[in-house]
Every structure is written in C-alpha cells, then in structure tokens.
Amino acid sequence: IISGIADEAPVLNARIFPDPASDQVRIDLGRAVSDVTVSVSDVDGREQLRQEFGRTQTMDLRVADLAPGIYFVHLRSGGNDGVYRLVKQ
C-alpha cells in the first residue's frame, strides 16, 4: 500500500539580475515568501555579505563593495533554499 510520495526539499526558484553586476542586483523569488535570509560568499566559501528580509517577493542587494569575481548567493526561507552564481564586475 502506497500512502504517499515524499517530496524533495523545496527549492527557492529565484532570478538574480543583472548578471554580471556592478552596483546592485535584484532578486525575484517569483512569489512572496517570509523570513528570507540572503548571504553572499566568495569561491572560497567566506561569507562577504548577509541580509535578512521579512515577507517579500523581490529584494535589492547592494554589491558595489564586493571585489570583482565570482560569488554564490545563498537564499533561505524556512525549509526552502537555493544557491545561485553571481559575477561581480
């Protein structure tokens, strides 16, 4: 008897633009979610930036102070998360 099908962990499907970025990026989650944490880490895994938001669908993140290079944007909201690549010019 099959009583249900287990879902994989929910993932936040975000769009981050512009990419490459110079001063600021916009993160669009496609739907409103609560208690979003955004952290940006370099390729060595060192956190360079962290910001928290309440209930939102879009967020603007200032990246002007980051050195040029490749970064990973980690998004988390409750049990949902996602990791996205970002190029900083």
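Not measured: the values here are computed from a predicted model. (Residues numbered from 1 in each chain as written. Predicted model: local features only at pLDDT ≥ 70, side-chain atom pairs only at ≥ 80, totals over all residues. Heavy atoms only, no water.)

Trainee: Any chance you could break down the overall build of the chain for me, citing the residues and the numbers?
Mentor: Scanning the chain for helices and strands turns up 0 helices and 7 strands. Beginning at the N terminus, the succession of helices and strands in the chain can be written as β-β-β-β-β-β-β. Looking at the chain alone, contacts between residues at least 24 apart form 52% of all its contacts between residues at least 6 apart. Only carbon and sulfur atoms are counted for the fraction: they give 47% of the accessible area of the chain, which is about 5800 Å². (Helix = DSSP H or I, 4+ residues; strand = E, 2+ residues; numbered from the N terminus. Contact = heavy atoms within 4.5 Å. Areas by Shrake-Rupley, 256 points an atom, 1.4 Å probe, with all protein chains shown as cover.)

Trainee: Tell me about the pairing of strand β2 (residues 24–33), and please be specific about residues and values.
Mentor: Looking along a regular strand, one sees the side chains alternate between the two faces of the sheet. Here strand β1 (residues 15–17) pairs with β2 via 3 bridges, running antiparallel. What sits directly across from Arg15, in β2, is Asp28. Hairpin remark: β1 followed by β2, antiparallel, with 6 residues in the connecting loop. Alignment of β2 against strand β5 (residues 56–62), held across 6 bridges, turns out to be antiparallel. Counterpart to Gln24 in the pairing with β5 is Arg62. (Pairing = 2+ DSSP bridges.)

Trainee: Summarise the nonpolar core; cite the residues concerned and give the values.
Mentor: Membership of the largest hydrophobic core comes to 21 residues, with the highest contact counts inside it found for Ile27, Leu29, Val38, Val73 and Leu75. Counting residues per element, the ones that place at least two in this core are β2, β3 (36–42), β5, β6 (69–77) and β7 (80–88). Ranked by residues supplied to this core, first place goes to β2 with 4 residues. Contact partners of Val73, with chain neighbours within four places excluded, come to Ile16, Ile27, Val38, Ser39, Val40, Gly82, Val83, Tyr84 and Leu86. (Core = buried A, V, L, I, M, F, W, Y, C linked by side-chain atoms within 4.5 Å. Buried < 20%, exposed > 50% of the residue type's maximum accessible area, 1.4 Å probe, protein only.)

Trainee: I'd love a proper account of unusual backbone geometry, names of residues and values included.
Mentor: Geometrically, the link from Phe17 to Pro18 is a cis peptide bond, its omega value of -5 degrees lying close to zero. Looking at the element boundaries, Pro18 is found in the loop between β1 and β2. That bond from Asp19 to Pro20 is cis: its omega, 15 degrees, falls within 30 degrees of zero. Within the secondary structure, Pro20 sits in the loop between β1 and β2. For Asp35, which is not glycine, the phi torsion reads 50 degrees and is therefore positive. In this fold, Asp35 is placed in the loop between β2 and β3.

Trainee: Describe the side chain of Ser77, with residues and values.
Mentor: With respect to the helices and strands, Ser77 occurs in strand β6. Note on Ser77: relative accessible area 6%, which makes it buried. Separated by 2.5 Å, the side chain of Ser77 and the backbone oxygen of Ser34 make a polar contact. Other than its neighbours up to four places away in sequence, Ser77 contacts Leu12, Val33, Ser34, Asp35 and Val36. (Polar contact = N/O pair within 3.5 Å; in protein donor to acceptor, adjacent residues only side chain to side chain.)

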